[in-house]
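# Residue-level structure breakdown
What follows is the residue order along each chain.
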Amino acid sequence: MKWLVLLLVAAAVAFVILDTDRAEVEVEKGVTIALTLRPMIGLHSDWSRELSIQTPDGTLRRDLFEDTGWWRRSNLYRHTSGIYVLHEGQSGCVLFRVSPPEFVTDPAISCDKVDQTDREGAVRADALTQGGPASMFYRDFQYIGRFAQTPEGPEAIGFVGAEQQPETELPDIL
């Protein structure tokens, strides 16, 4: 009986290790941003998540906060400074550069929502990003798209580009 339990536990661990879902988007020539989900052992959709940035100059990876049922999507933006932003909603933002690939901190880039009555930031972002869609919620951000759970799809995660659907509002940072 002990061997049967051990075998079942090993099979569950192997399933978790081997069963990964990945969504990616090419943001520049040769530069791919990806989000990988690995299921955690649990009774509902809990995920271990990883952000990876692949460039001709190298690959960068970062583990994101583990999802224990709250995560549904993360929005991807490009700031007018050229820095990319993965906005996690409640968990805040991850800022990174692709040339050279590195995670950065920049106090000038705010992931706080703009006052909806002040549209100047969105207009300025649209003008500075060569016609890309300006974020409706964050100053100087160009909306690229979102990584989202796809419970009805063949994969657990997908990327929905700005050309497919408009930006969706994320919950405020905790």
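Residues numbered from 1 in each chain as written. Predicted model: local features only at pLDDT ≥ 70, side-chain atom pairs only at ≥ 80, totals over all residues. Heavy atoms only, no water.

This part takes up the pairing of strand β9 (residues 141–149). Where burial is concerned, most of β9 is hidden: nine out of the nine residues are buried. As paired strands, strand β5 (residues 73–79) and β9 are joined by seven bridges and run antiparallel to one another. Within the sheet, the bridge partner assigned to Y77 lies in β9 and is Y143. Two strands pair when backbone bridges link them, and β9 and strand β10 (residues 157–161) are joined in this way by five bridges, in the antiparallel orientation. Following the sheet pairing, A148 is matched in β10 by G158. (Buried < 20%, exposed > 50% of the residue type's maximum accessible area, 1.4 Å probe, protein only. Helix = DSSP H or I, 4+ residues; strand = E, 2+ residues; numbered from the N terminus. Pairing = 2+ DSSP bridges.)

Another point: the sheet that holds strand β7 (residues 93–98). Pairing between sheet strands relies on hydrogen bonds along the backbone, with the strands arranged either parallel or antiparallel. A sheet is described by the order of its strands in space; here six strands give the open sequence β8-β7-β6-β5-β9-β10, paired in antiparallel fashion. Edge strands, defined here as strands with exactly one partner in the open sheet, are β8 (101–104) and β10. Sheet twist, expressed as the mean angle between neighbouring strand axes with direction ignored, is 25 degrees. In this sheet, strand β6 (residues 84–87) lies alongside β5 in antiparallel orientation, the contact comprising four bridges. Among the inter-strand pairings, L76 is bridged to a residue of β6, identified as L86. (Axes fitted to C-alpha atoms, helices over the stretch in contact; angles between N-to-C directions.)

When pLDDT drops low, the exact placement of atoms in the prediction is not to be read closely. Averaged over every residue, the pLDDT of the protein chain is 80; residues scoring 70 or more account for 72%. A low-confidence stretch, residues 14–18 (pLDDT under 50), is modelled with four contacts involving residues beyond four sequence positions or located in other chains. (pLDDT = per-residue confidence, 0-100. Contact = heavy atoms within 4.5 Å.)

The phi angle of most residues is negative, glycine excepted, and most peptide bonds adopt the trans form. Cis geometry is found at the peptide bond from S99 to P100, where omega equals -5 degrees. Of note, P100 is situated in the loop between β7 and β8.

Turning our eyes to something else, we now look at the pattern of salt bridges. In the structure shown here, the tally under the stated rule is five salt bridges. Among the ionic pairs, R22 bridges to E24, the shortest N-O distance being 3.0 Å. For R22, a relative accessible area of 36% translates into the label partly exposed. The salt bridge partner of R97 is E102, with a shortest N-O separation of 2.9 Å. Owing to a relative accessible area of 30%, R97 belongs among the partly exposed residues under this scheme. (Salt bridge = Lys/Arg side-chain N within 4 Å of Asp/Glu carboxyl O.)

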